[in-house]
Each structure stands twice: as structure tokens, then as C-alpha cells.
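# Understanding the architecture of this molecule
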Amino acid sequence: MAEPHGPLQGVKVVACSTAQAGTVPYMLMADLGAEVIKIEVPELGDNSRDSTVMPGFPSTYFETNNRGVRSLTLNLKTEEGRDILRRLVAKADIFGQNFRPGAAEKNGFGYDELRQVNPKLVYVSVSGYGPKGPHAALPGTDSMAQALGGIAQAYSTPGQPLRTGIVSVADETCAILAFGGALAALTHARATGIGQKVDCSLLGGQIRLMGWTLTTTMWRDRDPVTGQARITGTPQRPGLSASFNDRDGKPLVFQLNGGRKWRDAMTALGFYQALEQAGFGDLGVIIGSDEKRAALLRLLDELFATGPRDDWVERLRAADIVAAPINTLLEAADDPDVLANGYVTEVDYPKHGKRLKVHGSPWTFSETPAQIGIAPELGADNDDILAELGYGPAQIQDLRDKKII
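One structure accompanies this document, and this report is about it.

## Focus: the environment of Ala324
Within the fold, Ala324 resides in strand 10 (residues 322–325). The spacing of Ala324 and Ala170 is 154 residues in sequence and 25 Å in space, taken between C-alpha atoms. Dropping the residues within four chain positions of it, Ala324 is found in contact with Leu252, Val253, Val313 and Arg317.

Written out as C-alpha cells, the structure reads:
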């Protein structure tokens, strides 16, 4: 095992989870020092081991979602396999699963069964739709949750059909919420000795991700205006968040609130005189007027198309206006702030003879830093984990011969 690190040293996790939303919560815990035992099917493993594999590289999908954990193969359809799982759970703080609703109970490791083994256990269940409702028993995916949760509208173009995106925002949001929910329940369990079940869903995560914009939509009882710009506030205190292309077609965004910031931003860009002459010296005039809104955006399109993106962004930032280039994924991976903060880092993969860029940690701990590992080979920790449970070499070999591990 690796040397202790991170603020979750001493936390023990057992995860019967696959895919992304079910594994990322525990990968994040492993980054922060928790001991995470991933249960996999003997000989086959998590089927995502074969997802997105490029020649000469490990699976991007499996590595991103399972780094730093320990792999134990276990046939949970056998009584001996389930007995090993119960022995692991008896010593665990957290148990996680993302099986289709009802499957864990059917196979003998539902919450009611496992809390009999360990009353302090935090049991985390991840589903597609949530534990209640007309579709609770259905399987769920990232695309399904994006489709139902409203995020497609956030980046939509007026007049164009809504589309889900290529990044698994539903999976990742649910995973981060499951991570937080598990640790909240663990805090309670350590204070009271009482464990509990924590239910998270892909759909529930998407609804939370919509934030205050969803609240505004519900209170107004109408969908927001989408497209190039987000207009907020009142004529007295207008707000604008908008994107534009530079002379080479490279996009940028800026966001501001208030009349003074509007004048500061446009003055820094050298646009203010032209805007004032066109009747837009006061940004508040566009609040409530679709016609004026459209006219302002057309004029700004023309003005931003006269120069380079880097110059516009630099001018806005110098005037204390929030602004940034709109990065592609590849540009984001090389962004200077991303690299300086370790949000993307590099890890050695000896088996493949490569040093590769990977996600770093989204947190920086001053006293207990995260440690980025790599994903285990299938069953790599079988012998060590079983020995820790008291199994001798002959017993372990017998389990292997009987295909229980």
C-alpha cells in the first residue's frame, strides 16, 4: 500500500460500483488518502476497463475514474463471495454501489443486509432517476440525465434543437455530490455511531447544477433567454454576460454588473464612444427591450471583430472586468492557471512507458495534500486484501481454484 496521505487517511471504503458516477466518488476519496477496495467480477472486471483504449495507452475512462483504488475480484453470486464482502464491510466506513435499483437487495448486499453487519456503515446508492417516482426502477445514463435536467438549454442557440453535450456533466455532478453526501453521513456516524443510507441520482445532480437560474425560471414561470448573451438585473443595475468572436473567429466572454463597470469595460476596449453615439452609453436601456438588446449585440460583434482575442481579454482584465478566452478542451488542459494550480498534472505509467497528463486534484490542502495514483490491474490486490482479513495462502488459492476470486 502507498504511504498515508491526504485528509481522509484511515477512512475505509468498499465499492461495488462501475461506470463514472459510481466510481468517481471513491476515486476522489482515494486521492485524499482513503483506502478504497473496488470489487470486480473475477476474470472480467469492470467492463469499463475496455472503454476508450488507445494503442499503447491505458483506458482513459477506467484510469480517470478508478485511480488510486485497490482491486479485489469477488464472485458475489456465491455465498463464500458474499461472506468475504460482509467481512470487508464489517471494517468499512463507507460502502458504495450503483446497480440498477433492486439489484443490490436481490444479490444480498442491500442496505438492510449490510447495516446488520455494521450499524455505523454509510451506504451510498447512485441511481439514474432517484429512489422514488415513476421511473425509479429504470436504468440511467449521463445523456438521460442531461436530457431531463435542463442543461441542454444552458448552451442552446435560439431556433436550434436542444442537444446533450459530449462531456459527462451529469455523471460528474452526481459523483461529486455523492462524495460530499458520503462524508457528511460519515461525520454523523462518527459522532453518533449511527450509519445511514445516502441516495444520489444523475437527475438530482443535474437539477442542483442548474442553481439560481432554475429558481428564477420557476418563479418567473418561463424559460430564460438563451444564446449569445445573458442579461440580468434591472435598468438601474443591469448585468451582462456575453461571448464574442475576435477578428480570427476566436471566442471570448466577459461578465459585469452595474453601469460603472459597463463604462469601465467599454472605455478600456476603446468602444465607449461608438456605443454612446449609438445610444448605449447606459447598459440599462437594453433591460426589457429585445430590440435594443439585439442591436447592442450586433454592434459589439462588429467592434470585437476588429482585433485579437488576447488583446481584448488583457484590456478587460486590466480594468478589473471578469473576462476570459473560451477554451476548447485541449486549450483548457494547457491553460496557465489550470497548470499552475495542479488541476491538470502528469503521472508515470511504467507498464506503458509513458508519462501522461491526467486530472490533478480540484482541492489544495495546506497540511494533507492529495496524491494522484493510477488504476490497479484486475485483482492486483486479491492476496493482500484477503490476507488482511485473515485468510492463509492455501485458503486464498482454494478461493482462486473455485473461481470465487
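## Remarks on the sheet that holds strand 6 (residues 196–201)
Neighbouring strands of a sheet are bound in pairs by backbone hydrogen bonds; such pairs are parallel or else antiparallel. In spatial order, the strands read 3-2-1-4-5-6; together these six strands make up an open sheet with parallel pairing. Edge strands, defined here as strands with exactly one partner in the open sheet, are strand 3 (70–73) and strand 6. Recorded for the sheet is a direction-independent mean angle of 20 degrees between the axes of neighbouring strands. Taken together, the four bridges between strand 4 (residues 94–97) and strand 5 (residues 122–127) define a ladder with parallel strand orientation. Residue pairing in the sheet places Phe95 in a bridge with Tyr123 of strand 5.

## Section: unusual backbone geometry
One non-glycine residue, Ala19, adopts positive backbone phi at about 60 degrees. With respect to the element layout, Ala19 can be found in the loop between strand 1 (12–16) and helix 1 (24–31). In this structure, Glu43 takes a positive phi of about 70 degrees despite not being glycine. Examined against the element boundaries, Glu43 turns out to sit in the loop between strand 2 (35–40) and helix 2 (60–66).

Basis of the calculations
Residues numbered from 1 in each chain as written. Predicted model: local features only at pLDDT ≥ 70, side-chain atom pairs only at ≥ 80, totals over all residues. Heavy atoms only, no water. Helix = DSSP H or I, 4+ residues; strand = E, 2+ residues; numbered from the N terminus. Contact = heavy atoms within 4.5 Å. Pairing = 2+ DSSP bridges. Axes fitted to C-alpha atoms, helices over the stretch in contact; angles between N-to-C directions.

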